[in-house]
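If you want the building blocks of each chain, they are given just below.
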Amino acid sequence: MLKIEGLEAEIEGKQILRGLNLEVKPGEIHAIMGPNGSGKSTLASVLAGREDYEVTAGSVDFLGKDLLDLAPEERAGEGVFLAFQYPVEIPGVSNINFIKTAVNEVREYRGLPAMETKEFMSHLKEKQKLVKLSGKLANRSVNEGFSGGEKKRNEIFQMAMLEPKLGVLDETDSGLDIDALRIVANGVNELKSNDNAFVVVTHYQRLLDYIVPDFVHVLYDGKIVKTGSKELALELEDKGYDWIIEEFEKKS
Amino acid sequence: MSMSDEDKIIEEATSGEYKYGFVSNIDSELAQKGLTEETIRFISNKKNEPEWLLEWRLKAFELWKGMEEPNWAHVSYPKPNFQDIIYYAAPKPKKKYESLDEVDPEILKTFERLGVPINEQKALAGVAVDVVMDSVSVATTFKEKLSELGIIFCSFSEAVKEYPELIKKYIGSVVPQADNFYSALNSAVFSDGSFCYIPKGVRCPMELSTYFRINEANTGQFERTLIVAEEGSYVSYLEGCTAPQRDENQLHAAVVEIVAMKDSEVKYSTVQNWYPGDKKGRGGIYNFVTKRGLCAEENSKISWTQVETGSAVTWKYPSCILKGDNSVGEFFSVAVTNNMQQADTGTKMIHLGKNTKSTIVSKGISAGKSQNSYRGLVKVAKGAKGARNFSQCDSLLIGDRCGAHTFPYIECQNKSAKVEHEATTSKIGEDQLFYCNQRGIKTDKAIGLIVNGFCKNVMDNLPMEFAIEAKKLLEISLEGSVG
């Protein structure tokens, strides 16, 4: 589904990713961990197509298409979704209007007609339940005055509405209390199927108690330096990153 | 977003061509160029006006000659040569129209191209449209239904003939001839306009709507609108404008007067989309308008809602004089400037009566190299005990070559008054755009979404049908303004 090869990227002339490789198959959940500044959020941003980042080498293939060649909205149309670490506020635009516009834009990209209001509303209600997002939030402006937890739940709600093939979660767990964390994780688990995949960027092992990854990757200095099963996350929680960094530096 | 991208964006922003630029071929009768007593006599004679109105015009002309063009607004433009303007143009007079079939098909075609559905469907939708085409009304619908209720809605010239007492009583009562340079000019040479009278206790059952359109090259447009709401009445009045593309600058100096009696309410909504000039700022309409409402008696209410997207230079301050106790004035405004447009717009709220209340919500959006200013005066007179005002002025910038300015003036002479002013300036963030893009929303649509969100609490005050049109207009005027 997703194949990243030799990816190098920089921001304002500073190189962040230095030859990253990653392959994700349908039905898989990949966790990306690593110390601060290792390039985790950069990876998420590059996949979504944020303009600040310049890709200087490497390739990203997504379902047979060159992802790097597509504009951000085209990537969304192809089925890439990024749950933002810091969801953006859009004053005066209701959450419901926003997501309706998004759903229909994505449908248009895929050559589908706009969704009937009735169908949309029932879809909306079902997905709101999934992340226990109150109906009131649907009528409030996008993320405006939302608590940290509400913002993150709103991200998962939007993801549920758009039903992406690849969901990238950028530190969705940061700033969440344990209840909110469970709700978010539960949302992801409900959405998970054999046809889609998730890349979960996280700092802490905690989230992985609820979203069980098939693979855990450690990102360091812009590269994936170690890959393991979910036990690796527990080991990291226990021992920190230093041993991996030492191991890596000895090798190189 | 890198600098060069932003430059590109701004370039694209300025490449949006005016979509309504075309000229329709309609026979016109023109006055001679220039402004003399003769011109005024010509106009008055053309319109078969009574002597008193001619005198009234001539008095205004005398006053105007002694006045100077105001230059305090934050706008710059070559001063119009008032002797190089044709002060009167009217489609050749035909007989009165009973139905649309009798109207010049050219005119109807013009409206069709504007997307103004002036047809039976519109009539069925409950909108009576009094079309002002180059100064003379050519079609009026729904007149009969309105007249059953005693509502008068007709062209100004017709009102002068049919209801001279009402006109005599109210003309210049809110905006006197000598009020300012442009109102004096208008008073001297006004060609036509609309008159609306709602009798005591009548609630006008439909939105009254007038479409203005400037059509003759080099012709100044001097419309005059007068709305009188008697005790306990209600009316919602809509004015919408577009103009065809022209190279010469066209001057527009309208006057709108509203009088609201006890317990009455007048809602006045405008969508203005005149030709703003090309991207280098050539051509375009000069829009110097005096709009003022008088809450003459207690518990009256006047509400101005405007969406301004057009004109090269706009100079416009719809105001309320809150004379009656407990009267209410409201001003809701969206002003969009793009390319080289300049807008200096706002309101004046003059609190005279006790417990008078005013609300001002102004949203300025600047793109391209445009300049957008809010200028507002809140004045509380000595006797205005318990007066209250709330003002909110928000500016949104698109790109980094435009300007937003706020000039709030507050004069308060009563200690019990409460005046609040809030102002914000923000830029459409690349974060917001990226967030929308990531959800699959294209940039143009995202801009529309963000801008409409920014203007929401003003747009909410527009009548439903008008709001849809206005939303579309916002999107059109900012089309291509980012990536």
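The rules behind these values
Residues numbered from 1 in each chain as written. Chains lettered and ligands numbered in written order. Predicted model: local features only at pLDDT ≥ 70, side-chain atom pairs only at ≥ 80, totals over all residues. Heavy atoms only, no water. Helix = DSSP H or I, 4+ residues; strand = E, 2+ residues; numbered from the N terminus. Buried < 20%, exposed > 50% of the residue type's maximum accessible area, 1.4 Å probe, protein only. Contact = heavy atoms within 4.5 Å. Areas by Shrake-Rupley, 256 points an atom, 1.4 Å probe, with all protein chains shown as cover. Phe/Tyr/Trp six-rings, centres within 6.5 Å; stacked < 30°, edge-to-face > 60°. Lys NZ or Arg CZ within 6 Å of the ring centre and 35° of its normal. Buried area = accessible area lost by both parts, 1.4 Å probe. Salt bridge = Lys/Arg side-chain N within 4 Å of Asp/Glu carboxyl O. Polar contact = N/O pair within 3.5 Å; in protein donor to acceptor, adjacent residues only side chain to side chain. Pairing = 2+ DSSP bridges. Axes fitted to C-alpha atoms, helices over the stretch in contact; angles between N-to-C directions. pLDDT = per-residue confidence, 0-100. Arc of directions from axis to C-beta.

1. Some details on the overall build of chain B
(1) Moving on: Helix and strand counts for chain B stand at 13 helices and 23 strands.
(2) Moving on: Each of the 483 residues in chain B was classed as buried or not, and the buried ones make up 63%.
(3) Moving on: Of the contacts formed within chain B by residues at least 6 apart in sequence, a portion of 84% connects residues at least 24 apart.
(4) Moving on: Surface summary for chain B: the accessible area is close to 18,600 Å², and the carbon and sulfur share equals 49%.

2. Section: the packing of aromatic side chains
Residues and elements named next belong to chain B.
(1) Moving on: Scanning the entire structure with this criterion turns up 21 aromatic pairs over all chains.
(2) Moving on: Ring geometry for Trp-64 and Phe-181: centres 5.5 Å apart, planes at 45 degrees, overall tilted. One end of the pair, Trp-64, is in helix H3 (residues 51-65); the other, Phe-181, is in helix H9 (residues 181-189), and 117 residues separate them in sequence.
(3) Moving on: Measuring from ring centre to ring centre gives 5.0 Å for Tyr-268 and Trp-304, while their planes differ by 55 degrees; the resulting arrangement is tilted. One end of the pair, Tyr-268, is in strand E12 (residues 265-273); the other, Trp-304, is in strand E14 (residues 301-308), and 36 residues separate them in sequence. A single burial state applies to Tyr-268 and to Trp-304, both of which are buried.
(4) Moving on: Taken together through their ring pairs, the aromatic side chains of Phe-61, Trp-64, Tyr-77, Phe-82, Phe-181, Tyr-182, Tyr-286, Phe-288, Trp-315 and Tyr-317 make up a single cluster.
(5) Moving on: The ring of Phe-190 carries Arg-57 above its face, with NZ or CZ at 4.0 Å from the centroid.
(6) Moving on: The ring of Phe-407 has Arg-375 lying over it, and the distance from NZ or CZ to the ring centre is 4.6 Å.

3. Structural notes on the interface of chain B and chain A
(1) Moving on: Contacts between the two partners involve 20 residues from chain B and, on the opposite side, 31 residues from chain A.
(2) Moving on: Interface area for chain B against chain A, summed over the two sides, is near 2,200 Å², with a carbon-plus-sulfur share of 60%.
(3) Moving on: The largest per-residue losses of area from chain B upon contact with chain A belong to B:Phe434, B:Tyr435 and B:Arg439, which jointly make up 35% of the total buried on that side.
(4) Moving on: Across the salt bridge formed by A:Arg50 and B:Asp431, the nearest N and O atoms sit 3.3 Å from each other.
(5) Moving on: Linking chain B to chain A there are 12 residue pairs in polar contact (both at pLDDT 80 or more).
(6) Moving on: Ranked by residues supplied to the side of chain B that touches chain A, first place goes to helix H10 (residues 430-438) of chain B with 8 residues.

4. A few points about the pairing of strand E20 (residues 371-380) of chain B
Residues and elements named next belong to chain B.
(1) Moving on: Burial within E20 is extensive, with 8 of its 10 residues counted as buried.
(2) Moving on: Relative to E20, strand E18 (residues 342-351) runs parallel, the two sharing 10 bridges. Across the sheet, residue Thr-347 finds its bridge partner in E20, namely Gly-376.

5. What to know about the pattern of salt bridges
(1) Moving on: Evaluated as defined, the whole model comprises 29 salt bridges over all chains.
(2) Moving on: With its nearest N and O atoms 3.6 Å apart, the salt bridge here joins A:Asp179 to A:Arg182. Taken together, the residues span about one helical turn, with A:Asp179 and A:Arg182 both in helix H7 (residues 178-191) at a distance of 3 residues.
(3) Moving on: The partly exposed category is assigned to A:Asp179, whose relative accessible area is 48%.
(4) Moving on: Salt-bridge contacts for B:Arg41 lead to B:Glu37; the nearest nitrogen and oxygen are separated by 3.1 Å. Note that B:Arg41 and B:Glu37 are positioned in helix H2 (residues 37-46) at a spacing of 4 residues, about one turn of the helix.

6. Details of the sheet that holds strand E10 (residues 197-201) of chain A
All names here are of chain A.
(1) Moving on: Spatial strand order, E6-E9-E10-E3-E11-E12: 6 strands in an open sheet with mixed pairing. Looking at which strands have only one partner, the edges of the open sheet turn out to be strand E6 (80-83) and strand E12 (223-228). Pairs of neighbouring strands in the sheet enclose a mean axial angle of 20 degrees, with direction left out of account.
(2) Moving on: Of the strand pairs in this sheet, strand E9 (residues 166-170) and E10 are connected by 5 bridges, and their pairing is parallel. Note that in E10 the partner of Val-168 across the bridge is Val-199.
(3) Moving on: Packed on one face of the sheet, helix H9 (residues 242-251) meets strand E11 (215-220) and E12 and runs near 115 degrees to E12.

7. Structural notes on the confidence of the model for chain A
(1) Moving on: Residues of chain A with pLDDT of at least 70 account for 100%, and the chain-wide mean is 92.
(2) Moving on: Per-element mean pLDDT across chain A ranges from 82 in helix H5 (residues 135-139) of chain A up to 97 in helix H2 (residues 72-78) of chain A.

8. Here we look at H2(B)
Residues and elements named next belong to chain B.
(1) Moving on: If you check which residues of H2 are buried, you get Thr-39, Ile-40, Ile-43 and Ser-44. The arc that holds every buried residue of H2, seen down its axis, measures 130 degrees, which confines them to one face. H2 presents Glu-38 and Asn-45 as exposed residues on the side facing more than 90 degrees away from its buried surface.
(2) Moving on: On the buried face of H2, the contacting elements are H3 and H9.
(3) Moving on: Its side-chain oxygen placed 3.1 Å from the backbone nitrogen of Glu-38, Thr-36 serves as the N-cap of H2.
(4) Moving on: Downstream of H2 by one or two residues, Asn-48 has phi in the positive range, about 50 degrees.

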